[in-house]
Amino acid sequence: MASETDQAPPPNEEAPDRDRGATEAFGGAEINTTGTEAFLPVEASENDSSTSASGGAPAKLKPKRVHDPSFKATSKETIVAERTATYLTMIAANPVLTPTAIRDGLLRFINDGLSAEARLRHKAVAKAPAIGNIDTLDEATVATVVLARNRIVRLDFTRGSDSKAAQVVAMYHEAGDHAGLYVEDDKAIGLLIGALAPSMRHHAIESAFKRLADMAPVVLPTQEKHLVPVRNGVFDTARMELRPFSPEWVFLSKCAVDYDPNAESPVITHPVDGSVWEIEQWMTELSDDEGVSELLWEIIGASLRPHENWDRVPYLVGPNGNGGKGSVLELMHNMVGREAYVSIPLARFGKPFALTGLLRSSRVLTDENAVGALAQDLDDFKAVVTGDPVMVDRKYKDPVMLHWSGFMVQCMNTMAPKVKDKSASFMRRALVVPMTKRFTGIERKYIKKQYLAREDVLRYALKRALHMDHVELSEPLVCRVAWGSWFSANNSVRGFWEEFEQQFAWDLLPLSFLYDLYKAWFAEVEPGGRAESYKDFLEAIRSHLDGSADWQCPAGPERIKKLMAAPEPLIAEYDLVKWKNSLANSYDPISVGSFDKPKASYRCVLRTVPAVAQAASTDDEGADG
């Protein structure tokens, strides 16, 4: 008897349509059918040469099936998965196949495998149940196909510290306005799922999306300092060259301007008033203070390289609305693109959903903070600036833990914007940039609206800023002075200390005395305002005097010795009842300030070199002279 593989299929069984299973599945493309032939078993036919009882032509007998105990059935799920993987490999080189063509071709290819399994089961008289073909693609198969045909990932914003927070699903775009970017677009992915399985209901599509999200690889957003995605590629500041986009770089936004290595600064003549404008000259004219113009260019450059460790937040501050700070922000807006930045005023930090935009943007460029608005809850602000984890609430979606890496610029219309957080950790990150020059009456609105939106101006500004190699922001003298004024205005304790430091007669200042003096002073300088609590006052004083060469805050009580022997005139000036000399003439500040009921020791602020010793040292120097 011939072997099974040498015989034809049983005459009463339909031989598989190899051409249909192999070529039609791929839209008519020629495909090697060797793999398909493995699914085409044939059975032996016994007595195929016997004749009929009447001696006539041989009778066609029904082939006898023989039980094969060694036969192992293959599950439908395994066949579907294996055939799907094979099919996807075969069509990998054809990226233009439509979802409809893929769906129909894959169904035919899978059903060929299922039919072959059915014949094997029939031949072996297997105990396995009958297996039939499928009409639609199941959830797992749809997710597998979508992931194979599209670069879809889960974004981990926690920098690897919390894999459960990698919940944002994004898809890479090869072309179009978002070329080179990963875009969070659940609707677009849902449409891909629906195109492969049109009969799926809405809840089934949602279920398939969740399965796809679980299957998608987890990636970290690209935050390499030297890579700057622009409209026509990725500018590498280390190589100083433009490189093509790649799905290996996970960018969520890009600058809205092409990098042009040959860009030059255009000179523009206004057709009506005849004025001549050029951006370098214009930047110089924005401030008369030394170093500010170049600092503004540094800030623009920092906005293009947000992942550098700038560690400062520039505040463009001016007491009026015509100082040019809004125009500088507009230039940055136009360069980085409307989708590459968010605007979050200081007072908005800590509000529900305020940080959602930080998931896609590495820049905060805020051109307006309301005058008089009090920024109360700045914990999120400090976490964002320092890159510490912060929880981002999203409307109708699960919250995401974020480690933000980026750059922030805030604009203010007052030299003393109010913030509740007076800590040095907050204040030291502020880079106050005074822009006090007034252009009222001579402003040219078309500069902001037209010139700063021109492609040739933006290309030159982009090139100019990308070719800067600074890694920190300079701080001209005018900025340092402005920062000190702002810090004192915001931190009433610091302002209090700076006003009285040189006035104290005592060398030992009890903390309770200082707080009483602070409250009396604050009531005069800010009537109706709210003074700091005793606890916050102590924390602010200790923080401010940390590292001082003139004053110290001992950890425990200090004996007064003769350090409070001198009269303290401030007692009389601010009517500090608890500290008055009980027997003094109320009209004599010296006698009133001669405190007569001191304790033996106090928790205090202590002058490092007592005033008496300083005076003696001065006298000795004078005698020697």
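Residues numbered from 1 in each chain as written. Predicted model: local features only at pLDDT ≥ 70, side-chain atom pairs only at ≥ 80, totals over all residues. Heavy atoms only, no water.

### Focus: the overall build of the protein chain
Basically, it comes down to this: Only runs of H or I of at least four residues qualify as helices and only runs of E of at least two qualify as strands under DSSP, and these elements are numbered from the N terminus. Relative accessibility decides the category of a residue: with a 1.4 Å probe and only protein chains considered, values under 20% of the type maximum give buried, values over 50% give exposed, and everything between is partly exposed. Should any heavy atoms of two residues lie within 4.5 Å, those residues are considered in contact. Computed with the Shrake-Rupley method and a 1.4 Å probe, the accessible areas treat only the protein chains shown as cover for residues.
On a plain count of helices and strands, the protein chain comes out with 21 helices and 20 strands. Per-residue burial over the protein chain gives 46% buried out of 625 residues. Restricting the contact set of the protein chain to residue pairs at least 6 apart, pairs at least 24 apart contribute 72%. For the protein chain, the exposed surface amounts to about 31900 Å²; the carbon and sulfur share of it is 51%.

### Let's talk about the sheet that holds strand S6 (residues 233-236)
Heads up, the rule is: Two strands form a pair only when DSSP identifies at least two bridges running between them. Every axis in this analysis is a line fitted to C-alpha atoms, fitted for helices over the stretch in contact. Angles between the N-to-C directions lie between 0 and 180 degrees.
Spatially, S5-S6-S7 is the arrangement adopted by the 3 strands of the open sheet, whose pairing is antiparallel. Of all the strands in the sheet, just strand S5 (227-230) and strand S7 (241-243) have a single pairing partner and so form its edges. Neighbour-to-neighbour, the strand axes of this sheet turn through a mean angle of 35°, independent of strand direction.

### Concerning the packing of aromatic side chains
What counts is decided by this rule: When two rings of Phe, Tyr or Trp (its six-membered ring) have centres within 6.5 Å they constitute a pair, described as stacked for plane angles under 30 degrees, edge-to-face for angles over 60, and tilted for the intermediate range. Placement of a positive charge over a ring is assigned whenever Lys NZ or Arg CZ falls within 6 Å of the ring centre and within 35 degrees of the normal to the ring plane.
In this structure the tally under the stated criterion is 31 aromatic pairs. Taking 5.1 Å as the distance between ring centres and 50° as the angle between the ring planes, the aromatic pair formed by Tyr172 and Tyr182 counts as tilted. Remark: Tyr182 occurs in strand S3 (residues 182-183) and Tyr172 occurs in strand S2 (residues 168-172); sequence separation between them is 10 residues. Residue classification places Tyr172 among the buried residues on the basis of a relative accessible area of 8%. Here the aromatic residues Phe496, Trp497, Phe500, Phe504, Tyr515, Tyr518, Trp521, Phe522, Tyr534, Phe537, Trp551 and Tyr574 are joined through ring pairs into a cluster of three or more. When the ring centre of Trp297 is taken as origin, the NZ or CZ atom of Arg464, which lies over that ring, is 4.3 Å away.

### Things to note about the environment of Gly132
Along the polypeptide, Gly132 turns up in the loop between helix H4 (99-123) and helix H5 (139-149). The exposure class of Gly132 is partly exposed, given its relative accessible area of 31%. Ignoring any residue separated from it by four or fewer positions in sequence, one finds Gly132 in contact with Lys76 and Leu114.

### Description of the nonpolar core
Condition: The set of buried Ala, Val, Leu, Ile, Met, Phe, Trp, Tyr and Cys residues whose side-chain atoms join them within 4.5 Å is what this entry labels a nonpolar core.
In this structure, Ile279, Leu296, Ile299, Leu316 and Val433 are the most contacted members of the largest nonpolar core, which totals 52 residues. Elements with a contribution of two residues or more to this core: S5, helix H8 (279-285), helix H9 (292-304), helix H10 (325-336), strand S14 (407-412), strand S15 (430-434), helix H13 (445-449) and helix H14 (455-466). With 8 residues, H9 is the single largest residue contributor to this core. Setting aside residues up to four positions removed in sequence, Leu316 forms contacts with Leu296, Ile299, Lys325, Val328, Leu329, Val409, Gln410, Cys411, Met412, Val433 and Met435. Formed by 41 residues, the second largest nonpolar core is a distinct cluster that contains Tyr182, Val364, Ala383 and Ala430.

### Comments concerning the side chain of Ser591
Keep this limit in mind: We define a polar contact as two N or O atoms separated by no more than 3.5 Å, with the added condition that, inside protein, one atom must be a possible hydrogen donor and the other a possible acceptor, whereas residues neighbouring each other in sequence contribute only through side-chain atom pairs.
Among the secondary structure elements, Ser591 is positioned in helix H20 (residues 589-592). Judged by relative accessible area, which is 18%, Ser591 ranks as buried. From its side chain, Ser591 meets the backbone oxygen of Asp588 in a polar contact 3.0 Å long. When residues no more than four places from it in sequence are discounted, the contact partners of Ser591 are Asn581, Ala584 and Asn585.

### Looking at the sheet that holds strand S11 (residues 363-366)
Within a sheet, each strand pairs with its neighbour through backbone hydrogen bonds, oriented either parallel or antiparallel. Reading across the sheet, the 4 strands line up as S11-S14-S10-S15 and stay open at both edges, with parallel pairing between neighbours. Of all strands in the sheet, those with a lone pairing partner are S11 and S15, marking the two edges. Neighbouring strand axes in the sheet, compared pairwise and without regard to direction, differ in orientation by 20° on average. With 5 bridges joining them, strand S10 (residues 313-317) and S15 adopt parallel strand pairing.

### Describing the environment of Leu304
Here Leu304 lies in helix H9. Spatially, the C-alpha atoms of Leu304 and Cys255 are 7.8 Å apart, while their sequence positions differ by 49 residues.

### A closer look at H14
We apply this condition: The length a helix should cover is 1.5 Å for every residue beyond the first.
Here H14 spans 16 Å end to end across 12 residues, near enough to the 16 Å set by a 1.5 Å rise per residue. Of all 12 residues making up H14, 9 are buried, and the element is well covered by its neighbours. What H14 keeps buried is the set Val457, Leu458, Tyr460, Ala461, Leu462, Lys463, Arg464, Ala465 and Leu466.

### Examining the packing of H10 against H14
Quick reminder of the rule: Working definition: roughly parallel below 35 degrees, roughly antiparallel above 145 degrees, roughly perpendicular at 65 to 115 degrees, and oblique for all remaining angles. The nonpolar class holds Ala, Val, Leu, Ile, Met, Phe, Trp, Tyr, Cys and Pro. Asp, Glu, Lys and Arg form the charged class, and all remaining residues, Gly among them, are polar.
Close contact between H10 and H14 brings their axes to 10 Å; oriented N to C, the two are set at 90°. As summarised for this structure, H10 and H14 are arranged roughly perpendicular, according to the angle between their axes. Contacts from Leu331, Asn334 and Met335 in H10 reach Leu458, Ala461 and Leu462 in H14. Here the contact of H10 with H14 is composed, by residue class, of 5 nonpolar, 1 polar and no charged.

### Remarks on the confidence of the model for the protein chain
This is how it is decided: One confidence number per residue, pLDDT, is output by the predictor and ranges from 0 to 100.
In this model, the protein chain carries an average pLDDT of 84, and 82% of its residues clear a pLDDT of 70 or more. Note on residues 1-53: pLDDT under 50 across the span, and 75 contacts to partners over four residues away in sequence or across chains. Segment residues 615-625: pLDDT under 50, and 0 contacts once partners within four positions in sequence are set aside and those in other chains are kept.

### What about the packing of helix H3 (residues 76-90) against H4?
As a reminder of what qualifies: The sense of a crossing depends on the near helix, which, turned anticlockwise from the far helix by less than a right angle, makes the crossing left-handed and, turned clockwise, makes it right-handed.
Orientation of H3 relative to H4, taken along the N-to-C sense of each, is 135°, at an axis distance of 9 Å. Taken together, H3 and H4 sit at an angle that is classed as oblique. The element H3 and its partner H4 pack so that their crossing is right-handed. Contacts from Lys76, Ile79, Val80, Arg83, Thr84, Thr86, Tyr87 and Met90 in H3 reach Ala101, Ile102, Gly105, Leu106, Phe109, Ile110, Asp112, Gly113, Leu114 and Glu117 in H4. Broken down by class, the residue content of the contact of H3 with H4 amounts to 10 nonpolar, 4 polar and 4 charged.

### Some remarks on the pattern of salt bridges
Selection criterion: Only one rule defines a salt bridge in this text: a Lys or Arg side-chain nitrogen within 4 Å of an Asp or Glu carboxyl oxygen.
Under the criterion given, the structure shown has 25 salt bridges. The closest approach of N and O atoms between Arg121 and Glu117, which form a salt bridge, is 2.9 Å. Of the two residues, Arg121 and Glu117 are both situated in helix H4; the distance of 4 residues between them amounts to about one turn of the helix. Residue Arg121 shares its accessibility class with Glu117, and that shared class is buried. In this structure, the salt-bridge partner of Arg459 is Asp260, at a minimum N-O distance of 4.0 Å. In this pair, Arg459 sits in helix H14 while Asp260 sits in the loop between S7 and strand S8 (268-269), placing the two residues 199 residues apart along the sequence. Where salt bridges share partners, they join Arg231, Asp258, Asp260, Glu455 and Arg459 into one cluster.

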